[in-house]
Amino acid sequence: MVLSHAASDSDVSVHSTFASRYVRTSLPRFKMPENSIPKEAAYQIINDELMLDGNPRLNLASFVTTWMEPECDKLIMASINKNYVDMDEYPVTTELQNRCVNMIAHLFNAPLGETETAVGVGTVGSSEAIMLAGLAFKRKWQNKRKAEGKPFDKPNIVTGANVQVCWEKFARYFEVELKEVKLSEGYYVMDPEQAVEMVDENTICVAAILGSTLNGEFEDVKLLNDLLVLKNKETGWDTPIHVDAASGGFIAPFLYPELEWDFRLPLVKSINVSGHKYGLVYAGIGWVVWRNKEDLPEELIFHINYLGADQPTFTLNFSKGSSQVIAQYYQLIRLGHEGYRNVMENCRENMIVLREGLEKTGRFNIVSKDEGVPLVAFSLKDSSSHTEFEISDMLRRYGWIVPAYTMPPNAQHITVLRVVIREDFSRTLAERLVIDIEKVIRELDELPSRVIHKISLGEEKSDANGDNLMVTVKKTDMEKQREIINGWKKFVSDRKKTNGIC
Amino acid sequence: MVLSHAASDSDVSVHSTFASRYVRTSLPRFRMPENSIPKEAAYQIINDELMLDGNPRLNLASFVTTWMEPECDKLIMASINKNYVDMDEYPVTTELQNRCVNMIAHLFNAPLGETETAVGVGTVGSSEAIMLAGLAFKRKWQNKRKAEGKPFDKPNIVTGANVQVCWEKFARYFEVELKEVKLREGYYVMDPEQAVEMVDENTICVAAILGSTLNGEFEDVKLLNDLLVLKKKETGLDIPIHVDAASGGFIAPFLYPELEWDFRLPQVKSINVSGHKYGLVYAGIGWVVWRNKEDLPDELIFHINYLGADQPTFTLNFSKGSSQVIAQYYQLIRLGHEGYRNVMENCRENMIVLREGLEKTGRFSIVSKDEGIPLVAFSLKDNSSHTEFEISEMLRRYGWIVPAYTMPANAEHITVLRVVIREDFSRTLAERLVMDIEKVMHELDELPSRVIHKISLGEVKSEDNGDNMVVTVKKSDIEKPIEINVKKSDKPIFC
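Residues numbered from 1 in each chain as written. Chains lettered and ligands numbered in written order. Predicted model: local features only at pLDDT ≥ 70, side-chain atom pairs only at ≥ 80, totals over all residues. Heavy atoms only, no water.

- The name given to chain B in an unreviewed UniProt entry is Glutamate decarboxylase, with the source organism recorded as Brassica rapa subsp. trilocularis.
- The record in UniProt for chain B states the following under Sequence similarities (unreviewed entry): "Belongs to the group II decarboxylase family."
- Per UniProt, chain B has the following entry under Catalytic activity (unreviewed entry): "L-glutamate + H(+) = 4-aminobutanoate + CO2". (UniProt positions renumbered as here; feature names shortened; annotations may be inferred.)

- Where an unreviewed UniProt entry is consulted, chain A appears under the name Glutamate decarboxylase, with the organism given as Brassica rapa subsp. trilocularis.
- Recorded in UniProt for chain A, the comment headed Catalytic activity (unreviewed entry) runs: "L-glutamate + H(+) = 4-aminobutanoate + CO2".
- According to the UniProt record, the Sequence similarities (unreviewed entry) comment for chain A reads "Belongs to the group II decarboxylase family."

Let's talk about the overall build of chain A
Here comes step 1: When helices and strands are tallied, chain A shows 12 helices and 15 strands.
Here comes step 2: Every one of the 502 residues in chain A was classed for burial, and the buried ones make up 60%.
Here comes step 3: Taking as baseline every contact in chain A between residues at least 6 positions apart, the subset at least 24 positions apart corresponds to 68%.
Here comes step 4: Total accessible area on chain A stands at roughly 20,000 Å², and carbon and sulfur atoms take up 51% of it. (Helix = DSSP H or I, 4+ residues; strand = E, 2+ residues; numbered from the N terminus. Buried < 20%, exposed > 50% of the residue type's maximum accessible area, 1.4 Å probe, protein only. Contact = heavy atoms within 4.5 Å. Areas by Shrake-Rupley, 256 points an atom, 1.4 Å probe, with all protein chains shown as cover.)

Observations concerning the pattern of salt bridges
Here comes step 1: Going through the model one piece at a time under the given rule, you end up with 59 salt bridges over all chains.
Here comes step 2: Here Asp445 of chain A makes a salt bridge to Arg363 of chain A, at a shortest N to O gap of 3.0 Å. In this pair, Asp445 of chain A sits in helix H11 (residues 427-457) while Arg363 of chain A sits in the loop between helix H9 (323-361) and strand S10 (364-366), placing the two residues 82 residues apart along the sequence.
Here comes step 3: Exposure remark for Asp445 of chain A: the relative accessible area of 40% places this residue in the partly exposed category.
Here comes step 4: Look at Arg363 of chain A and you get partly exposed, because its relative accessible area is 29%.
Here comes step 5: For Asp424 of chain A, the salt bridge identified is with Arg422 of chain A, shortest N-O distance 3.7 Å.
Here comes step 6: For Asp424 of chain A, a relative accessible area of 12% corresponds to the buried category.
Here comes step 7: Each of Lys138, Arg139 and Glu299 of chain A together with Glu175 of chain B takes part in salt bridges that share partners, so that together they form one network. (Salt bridge = Lys/Arg side-chain N within 4 Å of Asp/Glu carboxyl O.)

Focus on the interface of chain B and chain A
Here comes step 1: Each side of the interface is counted separately: chain B has 115 residues, and chain A has 117 residues.
Here comes step 2: Where chain B abuts chain A, roughly 10,800 Å² becomes buried across the two surfaces, and 59% of that area is made up of carbon and sulfur atoms.
Here comes step 3: A per-residue breakdown of the area chain B buries against chain A is headed by Met32, Tyr173 and Phe302 of chain B, which together make up 8% of the total.
Here comes step 4: Linking Arg139 of chain A and Glu175 of chain B is a salt bridge whose minimum nitrogen-to-oxygen distance equals 3.8 Å. (Buried area = accessible area lost by both parts, 1.4 Å probe.)

A word on the packing of helix H2 (residues 70-78) of chain A against helix H2 (residues 70-78) of chain B
Here comes step 1: Relative to each other, H2 of chain A and H2 of chain B sit at 130 degrees, their axes nearing to 11 Å. Considered as vectors, H2 of chain A and H2 of chain B are oriented oblique to each other. As for how H2 of chain A packs across H2 of chain B, the hand of that crossing is right-handed. Each of Asp73, Ile76 and Met77 of chain A in H2 of chain A lies in contact with H2 of chain B, whose residues at this interface are Asp73, Ile76 and Met77 of chain B.
Here comes step 2: A per-class count over the contact of H2 of chain A with H2 of chain B returns four nonpolar, no polar and two charged. (Axes fitted to C-alpha atoms, helices over the stretch in contact; angles between N-to-C directions. Parallel < 35°, antiparallel > 145°, perpendicular 65-115°, else oblique. Left-handed = near helix turned anticlockwise from the far one by under 90°. Nonpolar A, V, L, I, M, F, W, Y, C, P; charged D, E, K, R; others polar.)

A few points about the sheet that holds strand S3 (residues 177-181) of chain B
Residues and elements named next belong to chain B.
Here comes step 1: A sheet is described by the order of its strands in space; here seven strands give the open sequence S1-S7-S6-S5-S4-S2-S3, paired in mixed fashion. Edge positions in the sheet fall to strand S1 (119-123) and S3, since each has one partner strand and no second. The average angle at which neighbouring strand axes cross in this sheet is 20 degrees, direction not considered.
Here comes step 2: Pairing between strand S2 (residues 156-160) and S3: five bridges, direction parallel. Looking at S3, one finds that Thr159 is bridged to Glu180. (Pairing = 2+ DSSP bridges.)

With respect to helix H9 (residues 323-361) of chain B
Residues and elements named next belong to chain B.
Here comes step 1: Taking 1.5 Å of rise per residue, 39 residues should cover 57 Å, yet H9 covers just 44 Å from first to last C-alpha, more than 12% shy of that figure.
Here comes step 2: If you look at H9, its biggest bend is around 90 degrees, right at Gly336.
Here comes step 3: Just past H9, the residue Gly362 takes up positive phi, approximately 75 degrees. (Expected span 1.5 Å × (residues − 1). Bend = angle between axes of the 7 residues up to and from the residue.)

A look at the state of the cysteines
Note on terminology: disulfide describes a covalent bond linking the sulfur atoms of two cysteines.
All names here are of chain B.
Here comes step 1: For the structure on display, the rule yields zero disulfides over all chains.
Here comes step 2: Cys72 takes part in no disulfide bond, and the closest cysteine sulfur to it belongs to Cys100, at a distance of 11 Å.
Here comes step 3: Judged by its relative accessible area of 0%, Cys72 is buried. (Disulfide = S-S within 2.5 Å.)

Regarding the confidence of the model for chain A
It should be kept in mind that the predicted coordinates are not to be read in detail where pLDDT is low.
Residue and element names in this part refer to chain A.
Here comes step 1: Looking at chain A as a whole, the pLDDT averages 84, with 84% of positions reaching at least 70.
Here comes step 2: Ranking the elements of chain A by mean pLDDT puts helix H12 (residues 488-494) last with 45 and strand S6 (residues 268-274) first with 97.
Here comes step 3: Overall, residues 7-12 carries pLDDT values under 50, and its contacts beyond four positions in sequence, including any with other chains, amount to seven contacts.
Here comes step 4: A low-confidence stretch, residues 472-502 stays under pLDDT 50, and its non-local contacts, those more than four residues away or across chains, total 72 contacts. (pLDDT = per-residue confidence, 0-100.)

A closer look at the sheet that holds strand S12 (residues 404-406) of chain A
All names here are of chain A.
Here comes step 1: Reading across from one edge, S10-S11-S13-S12 is the order of the four strands in this open sheet, with antiparallel pairing throughout. Across the chains shown, the open sheet's two edge strands, defined by having one partner strand only, are S10 and S12. Neighbouring strand axes in the sheet, compared pairwise and without regard to direction, differ in orientation by 35 degrees on average.

Observations regarding the side chain of Ser392 of chain A
Residue and element names in this part refer to chain A.
Here comes step 1: For Ser392, the position within the fold is in helix H10 (residues 388-396).
Here comes step 2: Using a relative accessible area of 5% as the deciding quantity, one classes Ser392 as buried.
Here comes step 3: A distance of 2.6 Å separates a polar side-chain atom of Ser392 from the backbone oxygen of Val402.
Here comes step 4: When residues no more than four places from it in sequence are discounted, the contact partners of Ser392 are Val402, Pro403, Ala404 and Leu417. (Polar contact = N/O pair within 3.5 Å; in protein donor to acceptor, adjacent residues only side chain to side chain.)

With respect to the packing of aromatic side chains
Remark: the centre distance and the inter-plane angle together describe each pair of aromatic rings, the angle taken between the planes.
Here comes step 1: For the structure shown, the criterion picks out 23 aromatic pairs over all chains.
Here comes step 2: Geometrically, the ring pair formed by Tyr173 of chain A and Phe314 of chain B is edge-to-face, given 5.5 Å between the ring centres and 80 degrees between the ring planes. With Tyr173 of chain A in helix H5 (residues 165-173) and Phe314 of chain B in the loop between strand S9 (309-313) and H9, the pair connects residues from two separate chains.
Here comes step 3: You can call Phe314 of chain B buried: its relative accessible area is 3%.
Here comes step 4: Here the aromatic rings of Phe218 of chain B and Tyr256 of chain B are separated by 5.8 Å at their centres, their planes lie at 90 degrees, and the arrangement is edge-to-face. Taken together, the residues span a long stretch of sequence, with Phe218 of chain B in the loop between strand S4 (203-209) and helix H7 (221-235) and Tyr256 of chain B in the loop between helix H8 (252-255) and strand S6 (268-274) at a distance of 38 residues. (Phe/Tyr/Trp six-rings, centres within 6.5 Å; stacked < 30°, edge-to-face > 60°.)

Brief notes about unusual backbone geometry
All names here are of chain A.
Here comes step 1: You will see that Asp238, though not glycine, has its phi angle at about 60 degrees, which is positive.
Here comes step 2: Tracing the chain through its elements places Asp238 in the loop between helix H7 (221-235) and strand S5 (241-244).
Here comes step 3: Among the residues examined, Asp238 registers a relative accessible area of 52% and is labelled exposed.
Here comes step 4: Notably, Leu280 is not glycine yet its phi reads approximately 65 degrees, a positive angle.
Here comes step 5: Here Leu280 shows up in the loop between S6 and strand S7 (286-290).

Focus on the confidence of the model for chain B
Residues and elements named next belong to chain B.
Here comes step 1: Per-residue pLDDT for chain B averages 85, and the proportion of residues at 70 or more is 85%.
Here comes step 2: Considering only residues more than four positions removed or in separate chains, one finds that residues 5-10, a stretch of pLDDT under 50, has four contacts.
Here comes step 3: A low-confidence stretch, residues 473-495 stays under pLDDT 50, and its non-local contacts, those more than four residues away or across chains, total 53 contacts.
Here comes step 4: In the model output, the complex is listed with pTM 0.85 alongside ipTM 0.84.

Description of the packing of helix H3 (residues 91-107) of chain A against H9 of chain A
Residues and elements named next belong to chain A.
Here comes step 1: For the pair H3 and H9, interaxial distance at closest approach is 9 Å and the crossing angle is 45 degrees. In terms of axis orientation, H3 runs oblique to H9. Handedness of the crossing formed by H3 with H9: left-handed. Where H3 approaches H9, its residues Thr93, Leu96, Gln97, Arg99, Cys100, Met103 and Leu107 are matched on the opposing element by Val325, Ile326, Gln328, Tyr329, Leu332, Ile333 and His337.
Here comes step 2: By residue class, the composition of the contact of H3 with H9 is nine nonpolar, four polar and one charged.

Quick word on the environment of Ser384 of chain A
All names here are of chain A.
Here comes step 1: Along the chain, the position of Ser384 falls in the loop between strand S11 (375-380) and H10.
Here comes step 2: Using a relative accessible area of 48% as the deciding quantity, one classes Ser384 as partly exposed.
Here comes step 3: Polar contacts involving the side chain of Ser384 include one to the side chain of Asp382, which spans 2.7 Å.

Spelled out as C-alpha cells, the structure:
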C-alpha cells in the first residue's frame with residue numbers, strides 16, 4: 001500500500017526556490033527581518049539582485065584585477081576564514097607577508113644588505129599605504145622641527161593636481177596642507193620644477209606619481225630627485241620624496257627596467273604599490289616599503305609579542321582576511337619576473353591595438369602616451385555636437401563600462417574617455433571595443449537631427465553648458481530608463497577630486 | 001609500428017606535481033624568482049606550507065568568524081573580483097551596503113524618521129570604524145573650540161585601560177591624548193565614575209566598550225551616560241559617548257534587549273560593531289553608525305558622483321573587495337532577528353557548559369561573567385608551580401589554540417586563559433576541550449619534579465622577574481625549543 005500526502009505549506013524544503021513564498025515577499029531594506037529564511041532562498045535572492053551589477057571584467061574604468069587563475073581561487077577560498085592579524089596562530093601566513101615585502105623591496109632596489117630584512121607592510125590598498133607613508137613623513141618632520149626648536153604645526157605636502165583622492169583624504173584627516181601643482185593643457189602630470197619651487201620648510205615630502213590615474217603617464221621622478229637634491233643643498237631642509245607607484249610599481253620594473261624612479265634615487269624614502277592593480281591580485285591588497293629603518297619613526301610602530309619574538313606592525317586596519325596576501329605570494333612565485341614581463345608586454349601590445357583602432361576612426365585625439373600604464377585616454381576631436389559623456393553612456397548598452405571625466409585644474413575644459421588595459425583584456429576584446437565605439441559614433445552622428453526635432457517638440461531638454469550641449473536622450477523601451485547625466489560634468493568640476501577615479 | 005619516446009624533462013605538464021622538479025628546489029624568500037612555474041606547482045607549494053598554520057576553527061583566541069554556510073561562500077567567490085569602491089559600476093553592491101547600514105542603525109535604535117536614511121558606513125573592521133568615529137569627534141570638538149576662541153591643540157579621549165589596541169593606534173596616529181582609567185583586581189572594566197572625573201574641557205569623547213576583550217564584560221554605558229548628563233548640568237561640558245560595540249553590538253540586541261546601551265541613551269553619538277565578530281561574517285568587515293547627520297562634520301565627507309546622485313563616503317580605505325559586504329547582507333536577511341537570537345543563545349549555552357566543566361575540575365577561578373560576550377576567562381587557583389602560559393602551550397599539542405595573557409594596569413599580576421565561544425563551537429567541542437584541559441592538568445602535575453631536577457642540573461633556566469617566574473622549557477627532540485616569556489606590561493595584541 002502506498003501512502004501519499006500532499007506537500008504541506010510548511011514543508012519549506014520541498015519547494016523549489018522560485019516556487020517558494022520567499023520570492024513573493026519584498027525583502028526588508030531598512031530593518032532586519034524578524035524571521036529567518038532558508039539559505040537557498042537567501043542565496044538566490046541576493047544572487048539575482050547582483051545580476052544587475054556591472055560585469056567586473058567589462059569594467060574598463062578600473063585598474064583593479066578582475067581575474068585570477070582557478071588554482072589561486074582555491075587558495076583564496078581555503079584561507080577566507082583566516083584572520084590575518086592573528087600572527088601567533090597563523091605563522092606561515094605572516095611569513096608569506098614578510099616574504100612579499102622583501103620581494104617587493106628588492107624589486108624596487110631597496111639598498112638592503114644580503115641578510116637584511118626590508119621595512120614594509122601589507123595593507124588593504126594604496127590608500128592605507130599612502131596614509132602610513134604620510135604619517136611616517138609627518139612624524140619624522142615634526143621630530144626634526146622639535147629638535148630644532150622651530151614651529152611644527154603647519155606641515156604641508158607638495159603633489160600634482162592629478163593626485164588620486166586618497167592624498168586629499170590623507171591631507172584632510174591628518175591635518176596636513178595639500179599644495180598642488182596645477183596642470184596645463186597638454187601637460188597632465190606634476191611639473192618637477194614647479195613642484196620644487198613650492199617646497200618650503202614646512203614641506204614633509206613631495207609626492208610623485210608613477211602612473212597618473214588620468215592618462216597613465218609616469219612622472220619624471222629622476223628630474224624631481226635631482227632638482228630637490230640641489231634645493232636641499234641650498235636650504236638644508238632635506239625634503240624627501242614619496243613615490244605613489246600604485247599602478248606603475250608593477251609595470252616599470254618589467255617594461256622599463258632602466259627607468260630610474262625607485263630607491264636608486266637617494267631622496268626616495270618610501271614607495272607604495274597596489275597589489276590589486278598590476279600586482280594582479282583581487283581588490284584588497286597594497287604594499288608600502290620604506291628605504292630603511294630610519295625612515296619609519298619607531299614611535300609609530302606597535303610591537304606584538306609573536307611566538308616569543310617581536311613582530312613590529314604599523315597598519316591602520318587590524319583584523320582582515322588573509323586571502324589577498326596569499327594570492328599576492330602566489331602570483332609572485334608563480335609568475336616570477338618572466339611571467340610579469342609577459343603579462344605587461346601583452347597589455348602594452350593590446351593597448352597599441354586599441355589606440356591604433358581609435359586613431360583609424362579619425363574622430364579622436366589620443367591623450368595618453370605609449371609609455372606608462374597601459375591605458376588609452378582619448379577625447380573627441382570635435383565635441384560640439386556630442387560629448388564624451390554620451391559616448392560613455394551609450395557604450396554601456398553594449399556592456400562596456402568606459403568612464404568619461406574632466407581634467408583637474410587648470411585643464412578642466414578637456415574631457416577624456418579612458419580604457420584601462422588589464423591582464424584579462426585580450427586582443428579580441430580590444431578589436432570588439434573598437435567596433436562598438438564605431439557603432440556608437442555612427443549612432444551619435446544620426447542623433448542631432450532626432451534630438452533637434454524633439455527639442456522643438458519640447459520633448460527633450462537641452463541646455464548649453466559652456467562648450468558643450470547637454471542632451472537628454474530617451475532610450476528604447478526594452479532598456480532600463482536611464483538618463484544621461486546632465487549635471488555630471490558640472491558636478492565634477494564643482495567638487496574637486498570627487499569622481500572617484502582610481 | 002608504435003613509436004615511443006621518453007617524457008622529456010622540459011615537458012612539464014606530464015609530471016605529476018610531486019614528481020616535478022619544482023618540489024625539489026627551494027623557493028626564493030627574499031627576491032622574486034626569475035622564471036615562472038606551473039600553476040599546479042605554485043598552488044601545491046603554497047597549500048602545503050599553509051598546512052602548518054593553525055586551524056582557524058580551533059583558534060579559540062579569536063572572536064572573528066571562522067565558518068559560513070556554503071551558499072554564502074558561493075556568493076563570496078562570485079563577488080571576489082568586484083572592487084567595492086566602484087559605486088557607479090556596481091550599484092547593487094553599493095545599495096546592499098546602504099541597506100546593511102540602515103538595518104544596523106535600526107538595530108541600535110538610532111532615532112530615525114520613517115523615511116530617513118541612517119548615517120553610517122561599512123569599513124574593513126572596527127579599527128577603521130573607530131578611527132573614523134574618533135576623527136569625527138576630534139573635528140567636531142575642534143570646530144566648537146575654534147568658535148569659542150579657545151585653544152584646540154590638546155584633545156584627549158577617556159577610556160578604560162582595557163581598551164583594544166586600535167584605540168591606542170587612533171590616539172598615536174591622530175595625535176590625541178589617551179587618558180586611561182586604570183583597572184584593579186576584580187574590576188576589569190572602566191569605572192564610569194572615575195571616567196567622568198577624568199573628563200575635562202579638552203575631552204573629545206568618552207569611549208565605553210560593550211564587550212571587553214579581556215573578560216567579555218559589558219561596561220555600564222547607562223551609568224556613564226547619566227553621570228555625563230549630570231556633569232553637563234553642573235559644568236556645561238557636553239561630552240559625547242562613543243560605544244565600542246565591536247563584539248557586543250550583535251549580542252546585546254538579541255540576548256539582552258532591555259539593556260540600554262545604544263542610541264536610546266542621549267549622549268551616545270556613534271557606535272561601531274565588527275561584522276566579522278558576532279555579525280557572523282569572515283574577517284574584513286566592520287560598521288560605524290552615527291546618531292544623525294550633525295554628529296558627522298561635513299568637511300570630513302567626500303562626495304562621489306554616483307549615477308548622477310550624490311554618494312557621500314567617509315572611509316580610510318578605498319579599493320577593497322565586495323565579498324564581505326554581500327556576506328553581511330546575506331546573514332542579516334538569512335537569519336533575521338530569530339536566527340541571530342538562536343545563534344547567540346546557543347553560544348551562551350555552550351559557554352555555560354564549558355564554564356561548568358572547568359569549575360568541576362576544582363583548579364580554576366572563573367574571571368568572566370555569564371552576562372556579556374559568550375567567552376570563558378579563567379585562571380589557576382594555584383599558580384605557584386605552573387602558569388597559565390604553560391597550559392596554553394600544552395593545549396596546542398592537541399590542536400587547541402587558547403591564549404593566556406596578563407591583565408593591564410593595575411592588575412598585571414592576574415593572568416588568565418580565555419576561550420571565545422563562536423557560532424561554530426558546538427557542545428561536543430566544548431566537552432572535548434574540558435577533557436583535554438584535564439589531561440593537560442594531569443601532565444603538569446607530574447611536571448614540577450622534572451623541571452626542578454633539570455634546574456638543578458643547569459639544563460633549564462629559571463629566573464625571577466618581578467612577580468613572575470620565567471621558565472625555559474625545552475620540548476622533545478621532535479619539537480622546536482621555545483621560551484616562555486612573561487613580561488609585566490606586555491599588552492598582547494588580541495581582539
